Amino acid sequence: MRAALREKAIAVCDRKIELKGENVGLSFYAFFANKNDDPKLLMEAAKWWIETHELDHFEKALKIREMIRKGA
């Protein structure tokens, strides 16, 4: 996962956790606006989430943030 996507994903996780608490879940779509303005970046996130880590559609933001921070 490229650095810009990692930083964006961590920021989204931080914001969701701050707003909704530690049990908040999210999908990789949370890292993007409601439009497909960067399909390559969206596919990169999808591949990391679905193919590389075989995650469920919704996962805890805490889990995702820690995975990204550890370089998973």
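Undergrad: Mind laying out the overall build of the chain, listing which residues take part and the relevant values?
TA: A count of helices and strands for the chain gives three helices and two strands. Mapped in sequence order, the helices and strands of the chain form the string α-β-α-β-α. Taking 72 residues into account, the globule formula puts the C-alpha radius of gyration at 11 Å, and the chain, at 11 Å, falls close to it. Taking all 72 residues of the chain together, the buried fraction comes to 35%. Side chains of the chain give 14 positive and 12 negative charges; the mean places of these two sets differ by 2 Å.

Undergrad: Any details on the environment of Arg6? Residues and values, ideally.
TA: Note on placement: Arg6 falls in helix α1 (residues 3-20). Looking at Arg6, the relative accessible area reads 32%, which means it is partly exposed. Along the chain, Arg6 and Ala45 lie 39 residues apart, while their C-alpha atoms are 9.3 Å from each other. Sequence-distant contacts of Arg6, that is, excluding residues within four places in its chain, are made with Met1 and Ile68.

Undergrad: Hey, could you go over the packing of aromatic side chains for me, with residue numbers and the actual values?
TA: Applying the stated criterion to the full structure yields four aromatic pairs. Ring pairs connect the aromatic residues Phe28, Tyr29, Phe31, Trp48 and Trp49, which therefore count as one cluster.

Thresholds, definitions, all that
- Residues numbered from 1 in each chain as written.
- Predicted model: local features only at pLDDT ≥ 70, side-chain atom pairs only at ≥ 80, totals over all residues.
- Heavy atoms only, no water.
- Helix = DSSP H or I, 4+ residues; strand = E, 2+ residues; numbered from the N terminus.
- Rg over C-alpha atoms; globule rule 2.2 N^0.38 Å.
- Buried < 20%, exposed > 50% of the residue type's maximum accessible area, 1.4 Å probe, protein only.
- Lys, Arg positive; Asp, Glu negative; His and termini not counted.
- Charge placed at Lys NZ, Arg CZ, Asp CG, Glu CD.
- Contact = heavy atoms within 4.5 Å.
- Phe/Tyr/Trp six-rings, centres within 6.5 Å; stacked < 30°, edge-to-face > 60°.

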